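A look at the structure
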Amino acid sequence: MIKTAEINKIINPLCRRFRQDLIKLLYGTQTGHPGASLSAMELITTLYYFKMNGVDPTDACNPGRDRFVLSKGHAAPTLYIVLAELGFFPKDDLPGLRSLGCHLQGHPCVAKTPGIDYSSAPLGQGLSYALGIALAAKLDGKKYTTYVVMGDGETQEGMIWEAAMAASKFKTDNIIAILDKNGVQLDGATDEVMPLGDVQAKWQSFGWHTITIDGHDACAISGAVDEAKSVMGKPTIIIAETIKGRGVSFMEGKSEWHGKPIDEEHFLLAMKELGGAADE
């Protein structure tokens, strides 16, 4: 078993390569969301490689597997890269991202893409869906955990807080929410668009156990998940402090890179920063 302290040694180089793959993919397709995909990189990679149980491309519908809900569905390119690396579908499918007839849609689709548990559409719905999965597990006597990754912009939606109240009421300790708190959304900083205030205090007031971590530290992510699994009788949210566009300096913290196509100049600059070969 890999010790928590050793996880970064594996995840950090893996995420560096995945960031290179992501930039190449979005440059090649001239579509997608680089900022949100980069901020969620360690979160998604750590969950799939170290924390989620029963995730197996040879048995993708295993009823006992942990579930993953990407509520901030525009970060799908990162999820697709991880799933392809794990063998859920060929890596050669990736260049078809967001193209007509390809199963890799702009947001994940459970009906078309192997390994997907939730079809995301309007932001703010993922927590409600994840809650439904968690409640079903309790009714069926199943032991799996449901993970849901949300963006901080979407927590401005009222539906999030309805689900938060219900999760607390029903004591769904088998759901772990992760807030990708990068502080930036499509139109600017979240504090400018619609301030969220003291996020930790807000979730605590709704009856959730809260953990705040560096969302780019795989060891911290792993430790937080372990802590969340030890909490009984209430749901847990991991508030992951992240940087939008993490790993590419000119994208970091910039709302214009929420969904901006990558031109050749910026592609070459990004690949130089990430240490990857632009012509591979």
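In what follows, the accompanying structure is described. (Residues numbered from 1 in each chain as written. Predicted model: local features only at pLDDT ≥ 70, side-chain atom pairs only at ≥ 80, totals over all residues. Heavy atoms only, no water.)

**Let's talk about helix 5 (residues 126–140)**
With 15 residues, helix 5 extends 21 Å from end C-alpha to end C-alpha; this agrees with the ideal 21 Å at 1.5 Å per step. Along its buried surface, helix 5 packs onto strand 1 (67–70), strand 2 (146–151), helix 6 (158–169), strand 3 (175–181) and helix 8 (199–205). Just past helix 5, the residue Gly-141 takes up positive phi, approximately 70°. (Helix = DSSP H or I, 4+ residues; strand = E, 2+ residues; numbered from the N terminus. Expected span 1.5 Å × (residues − 1). Contact = heavy atoms within 4.5 Å.)

**A closer look at the packing of helix 5 against helix 6**
Contact geometry for helix 5 and helix 6: axes closest at 8 Å, N-to-C directions at 25°. As summarised for this structure, helix 5 and helix 6 are arranged roughly parallel, according to the angle between their axes. Contacts from Leu-127, Ser-128 and Leu-131 of helix 5 reach helix 6 at Met-159, Ile-160, Ala-163, Ala-164, Ala-166 and Ala-167. Its residues assigned to classes, the contact of helix 5 with helix 6 shows eight nonpolar, one polar and no charged. (Axes fitted to C-alpha atoms, helices over the stretch in contact; angles between N-to-C directions. Parallel < 35°, antiparallel > 145°, perpendicular 65-115°, else oblique. Nonpolar A, V, L, I, M, F, W, Y, C, P; charged D, E, K, R; others polar.)

**Things to note about the pairing of strand 7 (residues 236–241)**
In terms of burial, strand 7 is a largely internal element, five of the six residues being buried. Judged from the six bridges that link them, strand 6 (residues 209–214) and strand 7 form a sheet pairing that is parallel. Along strand 7, the bridge assignment pairs His-209 with Thr-236. Between strand 6 and its parallel partner strand 7, the chain crosses via helix 9 (residues 218–230), and the hand of that crossover is right-handed. (Buried < 20%, exposed > 50% of the residue type's maximum accessible area, 1.4 Å probe, protein only. Pairing = 2+ DSSP bridges. Right-handed = clockwise from strand over helix to strand, strands pointing away.)

**Quick notes on the packing of helix 1 (residues 7–29) against helix 10 (residues 264–274)**
In contact at an axis separation of 10 Å, helix 1 and helix 10 are set at 170° when each is read in the N-to-C sense. As judged from the angle between their axes, helix 1 and helix 10 are roughly antiparallel. Contact residues: Arg-16, Arg-19, Gln-20, Ile-23, Lys-24 and Tyr-27 in helix 1; Glu-264, Phe-267, Ala-270, Met-271, Glu-273 and Leu-274 in helix 10. Across the contact of helix 1 with helix 10, the residue classes break down as six nonpolar, one polar and five charged.

**Regarding the pattern of salt bridges**
On inspection of all chains with the given rule, the structure shows eight salt bridges. Its salt-bridge partner being Arg-17, residue Glu-85 comes within 2.9 Å of it at the nearest N-O pair. Of this pair, Glu-85 sits in helix 4 (residues 76–86) while Arg-17 sits in helix 1, and the two are 68 residues apart along the sequence. Taking the relative accessible area as the measure of exposure, Arg-17 reaches 31% and is therefore partly exposed. (Salt bridge = Lys/Arg side-chain N within 4 Å of Asp/Glu carboxyl O.)

**Concerning helix 10**
Looking only at helix 10, the buried set comprises His-266, Phe-267, Ala-270, Met-271 and Leu-274. With its buried residues spanning 135° around the axis, helix 10 presents them on a single face. Facing away from the buried surface of helix 10 by more than 90 degrees, the exposed residues are Glu-264, Glu-265 and Lys-272. Lining the buried residues of helix 10 we find helix 1. Just past helix 10, the residue Gly-275 takes up positive phi, approximately 75°. (Arc of directions from axis to C-beta.)

The analysis is restricted to geometry; functional conclusions fall outside its scope.
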